[in-house]
Amino acid sequence: DDAIVRADAVVVLFGGKGAGKSTFVRKLLHHRPPREIVDHSVIAVVDLLECPEDQAQINAEVWKQLIQGLDGRNLLSGGREELLSLFSDRYTIAQKQVLAGLDTTSDAYNLQLNALVKEWLVDREYCVARLADSWTAQKRGAIVVLDNTDHYSPVNQDYCFTLAQHIASLVDGLVIISMREERFYSSRMHGTLDAFQNNGFHLSSPPAQLVFHRRLAYVLRILDDPHEARNISPTLSDQRNLEVKNLCRMLIGEFRRRNSHLSNFLRACAHGNMRLSLDMFRKFLL
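Residues numbered from 1 in each chain as written. Predicted model: local features only at pLDDT ≥ 70, side-chain atom pairs only at ≥ 80, totals over all residues. Heavy atoms only, no water.

Quick notes on the overall build of the protein
For the protein, the helix and strand inventory stands at 14 helices and 5 strands. For 286 residues, the compact-globule estimate of 2.2 N^0.38 gives 19 Å, and the protein exceeds it by more than 25% at 25 Å. Projected onto its principal axes, the C-alpha positions of the protein cover 85 × 50 × 45 Å. Relative to its full complement of 286 residues, the protein shows a buried share of 38%. Partitioning the contacts of the protein with sequence separation of at least 6, the portion at a separation of at least 24 is 72%. Counting only carbon and sulfur atoms, one obtains 53% of the accessible surface of the protein, whose full area is about 16700 Å². Placing the 34 positive and 34 negative side-chain charges of the protein at their respective mean positions leaves the two points 10 Å apart. (Helix = DSSP H or I, 4+ residues; strand = E, 2+ residues; numbered from the N terminus. Rg over C-alpha atoms; globule rule 2.2 N^0.38 Å. Buried < 20%, exposed > 50% of the residue type's maximum accessible area, 1.4 Å probe, protein only. Contact = heavy atoms within 4.5 Å. Areas by Shrake-Rupley, 256 points an atom, 1.4 Å probe, with all protein chains shown as cover. Lys, Arg positive; Asp, Glu negative; His and termini not counted. Charge placed at Lys NZ, Arg CZ, Asp CG, Glu CD.)

What follows is the structure in structure tokens.
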């Protein structure tokens, strides 16, 4: 039996502010993803970072980006025959009802059919479901990510979660949504999450020293390649290149120390917010 049986599911990725939830998801799905994801899934990432805190706009943005992510083969911009193949379920019913008795070569038939196709195209939820079904026929399941929802108010975070549940049932696939730590526990005890069976995955902030060490080592690898260094900074002279590399080596040595004063200071100020730590370190360098 070649059929693939999947159950819809929502996974809540929760962690503190700046813990790296978005980075984790993008690394998992796009940077060296597992072979199972490459071979048996289609990925749609919905980024709501710049979407205003208005439920109507959130809803519109989610369905817009979801269609863009699932329509990788541009089926919705194809010809009428391709669309009729995609919308085969509604087309079959229409042939028995509103199109019944019409000559398939007549203008009346074509006008009526074009109006139906236009109506189906503007039904975004239906389009998402049919696109997901078309991937199922190719033995690929849908993985949908609702990213950067944790900057919304509690009411809109709950709205995004219920929307994630609806999408999961619609595409019969996996939906990943990010939440702040405190909001996850609060909602699970007394809020929206209490009404659903869901899975939570906690993401802790990485050690700041390790992050700074790896980023500085990456900069050194770039500066050691003259071609790459010129691409980054065309005006970088050999002398300045050497000075910058010496500075990077000094900082790497500092972060290797177990009781680094600089590392302890950044960690104490940021309280696990890696984004804030990186910003403070950037300003320190400047």
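What about the layout of surface pockets?
Computed from the structure, the largest pocket encloses a volume of approximately 950 Å³. If you go around the largest pocket, you meet 31 residues; those closest to its centre are A19, G20, T23, F24 and R215. Counting residues per element, the ones that place at least two in the lining of the largest pocket are α1 (21-30), β4 (174-180), α10 (208-223) and α14 (274-285). It is α1 that provides the largest number of residues to the lining of the largest pocket, a total of 7 residues. If you go around the second largest pocket, you meet 14 residues; those closest to its centre are L216, V219, F281, R282 and L285. Broken down by secondary-structure element, the contributors of at least two residues to the lining of the second largest pocket are α10, α12 (238-256) and α14. In terms of residue class, the lining of the second largest pocket is made up of 12 nonpolar, no polar and 2 charged. (1 Å grid on protein atoms, 1.4 Å probe; cavity = no way out; pocket = protein on both sides within 12 Å on 5 of 7 lines; lining within 4 Å. Points joined across faces, edges and corners; volume = space filled by probe spheres on them. Nonpolar A, V, L, I, M, F, W, Y, C, P; charged D, E, K, R; others polar.)

Quick notes on the side chain of D147
Mapped onto the elements, D147 comes out in strand β3 (residues 141-147). Residue classification places D147 among the buried positions, given a relative accessible area of 2%. Side chain to side chain, D147 and R26 meet in a polar contact 2.5 Å long. (Polar contact = N/O pair within 3.5 Å; in protein donor to acceptor, adjacent residues only side chain to side chain.)

A closer look at the packing of helix α7 (residues 124-137) against helix α8 (residues 154-171)
Following both chains from N to C, one finds α7 and α8 inclined at 45°, their axes separated by 8 Å at the closest point. With respect to α8, the axis of α7 lies oblique. Contact residues: E125, V128, A129 and A132 in α7; H166, L170 and V171 in α8. Tallied by class, residues from the contact of α7 with α8 come to 5 nonpolar, 1 polar and 1 charged. (Axes fitted to C-alpha atoms, helices over the stretch in contact; angles between N-to-C directions. Parallel < 35°, antiparallel > 145°, perpendicular 65-115°, else oblique.)

Observations concerning the sheet that holds β4
One open sheet holds the 5 strands; their spatial order is β2-β3-β4-β1-β5, and the pairing between them is parallel. The sheet is open, and its two edges are formed by β2 (41-47) and β5 (199-202), each paired on a single side. The average undirected angle you get between the axes of adjacent strands in this sheet is 20°. Pairing of strand β1 (residues 9-15) with β4, which is carried by 7 bridges, proceeds in the parallel orientation. Each residue of the ladder has a partner; that of L13, found in β4, is S178. Contacts from α8 reach β1, β3 and β4 within the one sheet, and its direction differs from that of β4 by about 170°. (Pairing = 2+ DSSP bridges.)

Digging into the side chain of S41
Within the secondary structure, S41 sits in strand β2. There is a polar contact of 2.4 Å between the side chain of S41 and the backbone oxygen of I37. Dropping the residues within four chain positions of it, S41 is found in contact with E36, R140, G141 and I143.

Re the nonpolar core
Residues L66, L70, W120 and I167 are the most contacted members of the largest nonpolar core, which totals 48 residues. The element best represented in this core is α8, accounting for 7 residues. Leaving out residues up to four positions away in the same chain, W120 has contacts with L84, F87, R90, Y91, A94, Y126 and C127. (Core = buried A, V, L, I, M, F, W, Y, C linked by side-chain atoms within 4.5 Å.)

Geometric values such as these leave the question of function open.
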